[in-house]
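Breakdown of the fold
Each chain is listed here by its residues.
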Amino acid sequence: LREASRVLELETAKGPIEAYEFQINRLTALGVTKTNFRVCAYDFLSNRIFTEIDGVLGLDFLREHVLTIDFKASEITIE
């Protein structure tokens, strides 16, 4: 946590949480790669908010893309 650039308070459905902001060199998800990207880190598991989650993509990652969620096919695509 010493490497975090700052501590942020984020509002969630369950109330505010404290997260840590980091600048990372590269992030790839759903076939999209972002470079020099800021991320917020929060320990979902130890805080028992979610038990089976790797992370959450925000609008800053998805902006400028078309995101399609096909529930029938159980697919998510991004263009």
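The structure this text deals with has already been given above.
Residues numbered from 1 in each chain as written. Predicted model: local features only at pLDDT ≥ 70, side-chain atom pairs only at ≥ 80, totals over all residues. Heavy atoms only, no water.

With that settled, the discussion passes to the overall build of the protein. What the protein contains, in helices and strands, is one helix and five strands. Along its sequence from the N terminus, the protein presents helices and strands in the succession β-β-β-α-β-β. Split into buried and exposed, the 79 residues of the protein put 19% on the buried side. The long-range fraction of contacts in the protein, counting pairs at least 24 apart against all pairs at least 6 apart in sequence, stands at 22%. (Helix = DSSP H or I, 4+ residues; strand = E, 2+ residues; numbered from the N terminus. Buried < 20%, exposed > 50% of the residue type's maximum accessible area, 1.4 Å probe, protein only. Contact = heavy atoms within 4.5 Å.)

For the structure on display, the rule yields two salt bridges. A salt bridge links E21 to R6, with the nearest nitrogen and oxygen atoms 3.0 Å apart. Of this pair, E21 sits in strand β2 (residues 15–29) while R6 sits in strand β1 (residues 6–12), placing them 15 residues apart in sequence. Between E21 and R38 there is a salt bridge; the shortest N-O distance is 3.5 Å. Of this pair, E21 sits in strand β2 while R38 sits in strand β3 (residues 32–41), and the two are 17 residues apart along the sequence. Residue classification places R38 among the partly exposed positions, given a relative accessible area of 49%. (Salt bridge = Lys/Arg side-chain N within 4 Å of Asp/Glu carboxyl O.)

For any two aromatic rings, the description comes down to two numbers: the centre-to-centre distance and the angle of the planes. Under the defined criterion, the tally for this structure stands at one aromatic pair. Between F37 and F61, the aromatic rings sit 5.9 Å apart at their centres with planes inclined by 85 degrees, giving edge-to-face as the arrangement. Separated by 24 residues along the polypeptide, F37 in strand β3 and F61 in helix α1 (residues 59–62) bring together distant segments of the chain. You'll find F37 and F61 in the same group, each marked buried. (Phe/Tyr/Trp six-rings, centres within 6.5 Å; stacked < 30°, edge-to-face > 60°.)

Residue classification places E21 among the buried residues on the basis of a relative accessible area of 7%. When sequence neighbours within four positions are dropped, the list of residues in contact with E21 reads A4, S5, R6, L8, R38, V39 and C40.

A separate point is the side chain of K34. Relative to the helices and strands, K34 is located in strand β3. E64 provides the closest opposite charge to the buried, unpaired K34, separated from it by 5.2 Å. Polar side-chain contacts of K34 include one of 3.4 Å to the side chain of H65. Sequence-distant contacts of K34, that is, excluding residues within four places in its chain, are made with N25, R26, L27, F61, R63 and H65. (Lys, Arg positive; Asp, Glu negative; His and termini not counted. Polar contact = N/O pair within 3.5 Å; in protein donor to acceptor, adjacent residues only side chain to side chain.)

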